[in-house]
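Survey of secondary and tertiary structure
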Amino acid sequence: DTEVTQTPKHLVMGMTNKKSLKCEQHMGHRAMYWYKQKAKKPPELMFVYSYEKLSINESVPSRFSPECPNSSLLNLHLHALQPEDSALYLCASSPLGTGEETQYFGPGTRLLVL
Amino acid sequence: AQTVTQSQPEMSVQEAETVTLSCTYDTSESDYYLFWYKQPPSRQMILVIRQEAYKQQNATENRFSVNFQKAAKSFSLKISDSQLGDAAMYFCAYSPYSNRDDKIIFGKGTRLHILP
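Residues numbered from 1 in each chain as written. Chains lettered and ligands numbered in written order. Predicted model: local features only at pLDDT ≥ 70, side-chain atom pairs only at ≥ 80, totals over all residues. Heavy atoms only, no water.

1. Observations regarding the sheet that holds strand S8 (residues 73-79) of chain A
All names here are of chain A.
- Taken in spatial order, the 4 strands make up an open sheet running S1-S3-S8-S7, and their pairing is antiparallel. In this open sheet, the two edge strands, each paired with only one partner strand, are strand S1 (4-7) and strand S7 (64-70). Ignoring strand direction, the axes of neighbouring strands in this sheet form an average angle of 20°.
- In this sheet, S8 lies alongside strand S3 (residues 18-25) in antiparallel orientation, the contact comprising 7 bridges. Within S8, the position partnered with Leu21 by the bridge is Leu76. (Pairing = 2+ DSSP bridges. Helix = DSSP H or I, 4+ residues; strand = E, 2+ residues; numbered from the N terminus. Axes fitted to C-alpha atoms, helices over the stretch in contact; angles between N-to-C directions.)

2. A short note on the side chain of Ser72 of chain A
All names here are of chain A.
- Within the fold, Ser72 resides in the loop between S7 and S8.
- The buried category is assigned to Ser72, whose relative accessible area is 19%.
- Not counting residues up to four positions away in its chain, the partners in contact with Ser72 are Cys23, Glu24, Gln25, His26 and Met32. (Buried < 20%, exposed > 50% of the residue type's maximum accessible area, 1.4 Å probe, protein only. Contact = heavy atoms within 4.5 Å.)

3. A short note on the nonpolar core
All names here are of chain B.
- Ranked by internal contacts, the top residues of the largest apolar core, which has 26 residues, are Leu21, Tyr25, Trp36, Phe75, Leu77, Tyr90 and Leu112.
- Counting residues per element, the ones that place at least two in this core are strand S2 (10-14), strand S3 (19-21), strand S5 (32-39), strand S6 (46-52), strand S8 (64-69), strand S9 (74-79), strand S10 (88-96) and strand S12 (110-115).
- For this core, the element with the most residues is S10, which contributes 4 residues.
- For Leu77, the contacting residues outside a window of four places in its chain are Val19, Thr20, Leu21, Trp36, Ile49, Phe64, Ser65, Val66 and Tyr90. (Core = buried A, V, L, I, M, F, W, Y, C linked by side-chain atoms within 4.5 Å.)

Structural data, given as structure tokens:
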């Protein structure tokens, strides 16, 4: 099973709203990732969690706040977003300690900021 | 710094024909992984094929195969007997070989159209 799930599939929010994106995997992977993807572009890495600790933050604005409550779950909290933050947000996971550097992606959350 | 280059922004192929997507990369590492990911209009990023750099044998997954030329730093994807469901954006990607949470470096993608 190589499934990563993400909820919601679609989200529309105003610039003053607070919302959260959720990502879940049950493959025992200990690295989880958040990406932002604009249309016709490759994904851009935002955050990486390794063993539930934030290991990489790609200078993402503080209006994006990641959280990893446990080894299976990854959240992205959104607050005071801008219209340019509208994009597809992808979650991915990969095993650690196995030498297998393969990331498996979820279906994404399509976010529209009005 | 590692880079991945896909020189073909768009390609078209007739259904049932064979098409090859090009990818070159640059790295000073000797051990690494290379990937092809497919992203159909539904937007789910799907792993198509993976190649370990230390393996000389080219990876194959059903109708998908790669031509891995390590010295030339080339990693092309061949799709045989193209099907309408193969229409998608294809991303070539590189990852260093390690047990850490290293970044994947993506190319800019090639959009593949399948003509009926």
